[in-house]
Amino acid sequence: MTDTPLTDDLIASFSLDNAPVRGRIARMGAGALDPILCRHDYPRPVALLLGEALTLAALIGSLLKIEGRLVVQAQGEGLVPLLVAEHSSGGLRGYARLAEGAAEHLAKANRIPPAELLGAGSLVLTLDRGPGVAPYQGVVALDGDTLATCAESYFRTSEQVDTGIRLAVGELMRADAPTTWRAGGILIQRVAGDDARGDTREDWSRASILFGTVKDEELIDPALPADRLLYRLFHEEGVRMDTPSPLDDRCTCSEERLTAVMRTFPKDELQSLIEPDGKLHARCQFCARSYLIEPAAVGA
């Protein structure tokens, strides 16, 4: 154990004393985000969108009061037909599938709106609580200019909760070190009024205006800790940040899981997958880890 304060690769909850607002703040860098994005050498627009999806998964996943795997999935018919980001107990993993020729088409591009990159499709949020429990799923159209606006629309229409979300992803360039990917995000929600609070709409409006002043560079600046950023935004409202929890690059793949899945394949299909060395070769789409499976282990 260490007493060193957690300043990066973190997720933390916060609240405002003078406004009916609760929220989450996430910061990710060399430990949680950079390995995921660098592992597949995505074109820049894809890396940016996947970084935003991973940040969104951490923010929403940390809101849950029950254990489970929160999956943010965007799918369409465009250059990137599938994008998946998962959060589970502080662990993150993500993957994007590119259509044929997409890498060349996007080689010199920068940020591209989700609908244009993914094509006409939907953003799907899924809470997977494991075997024996039906997953909870919400769907919203990919019709916002950013992934954040799509997620805000989901909360507004499906959960009936006023929500503000800001996501930022960028590269940190230093003369004395390799370039690294960084991301930051903040999610705020209005606490519903009651007899004690009264009508909370005016207070929410005031907090939303302050929230709207946050800049992308502030969200990803490694020299601006999460607590200082929240103070900069909400000091007039008396902001309180709870002790942060770590985020890390953590894939859930294993030989046991892969073997169990492959046992469900038809025997003739498994036979066709056996390589000249007599083994089945498999590779995790998320972490790129390679596995060599004995055919007998899957009934081939």
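In case you missed it, the structure is sitting above this.
So, here is what we can say about the structure in this document. Bear in mind that the values here come from a model prediction, so they are computed numbers and not experimental data. (Residues numbered from 1 in each chain as written. Predicted model: local features only at pLDDT ≥ 70, side-chain atom pairs only at ≥ 80, totals over all residues. Heavy atoms only, no water.)

### A closer look at the overall build of the protein chain
Note the cut-off: Each helix is a run of H or I in the DSSP string that is no shorter than four residues. Each strand is a run of E no shorter than two, and both are numbered from the N terminus. Within these notes, the globule rule equals 2.2 Å times the number of residues to the 0.38 power, and the radius of gyration is based on C-alpha atoms. Between buried and exposed lies partly exposed: a residue is buried under 20% and exposed over 50% of the maximum accessible area for its type, with that area taken using a 1.4 Å probe on protein chains only. By definition in these notes, contact holds between two residues if any of their heavy atoms fall within 4.5 Å. Here the open area of atoms and residues is found with the Shrake-Rupley method and a 1.4 Å probe, where only the protein chains shown may cover a residue.
Helix and strand content of the protein chain: ten helices and 14 strands. Over its C-alpha trace the protein chain gives a radius of gyration of 21 Å, about what one expects of a compact globule, namely 19 Å for 300 residues. If you line up the protein chain on its principal axes, its C-alpha atoms span 70 × 50 × 45 Å. Considering the protein chain as a whole, with its 300 residues, one finds that 45% of them fall into the buried category. Pairs at least 24 residues apart make up 64% of the contacts formed inside the protein chain by residues separated by at least 6 positions. Only carbon and sulfur atoms are counted for the fraction: they give 49% of the accessible area of the protein chain, which is about 15,300 Å².

### A closer look at the sheet that holds strand β7 (residues 136–141)
Going by this rule: In this description, strands pair whenever DSSP reports at least two bridges between them.
Taken in spatial order, the six strands of this open sheet run β7-β6-β3-β4-β5-β12, and their pairing is mixed. Across the chains shown, the open sheet's two edge strands, defined by having one partner strand only, are β7 and β12 (248–249). As paired elements, strand β3 (residues 69–75) and strand β4 (residues 82–88) share six bridges and run antiparallel to each other. Within the sheet, the bridge partner assigned to Q73 lies in β4 and is V84.

### Some points on helix α6 (residues 201–211)
Here is the rule we go by: Here the arc refers to the directions that run from the helix axis out to each C-beta atom.
Along α6, the positions that sit buried rather than exposed are W204, A207, L210 and F211. Looking straight down α6, one finds that the buried residues subtend no more than 120 degrees of arc, so they occupy a single side. In α6, the exposed positions angled more than 90 degrees off the buried face are occupied by R201, E202 and I209. Buried-residue contacts for α6 involve β1 (10–16), β2 (21–28), β8 (163–174), β9 (177–190) and α8 (226–234).

Read these as spatial facts, not as claims about activity.
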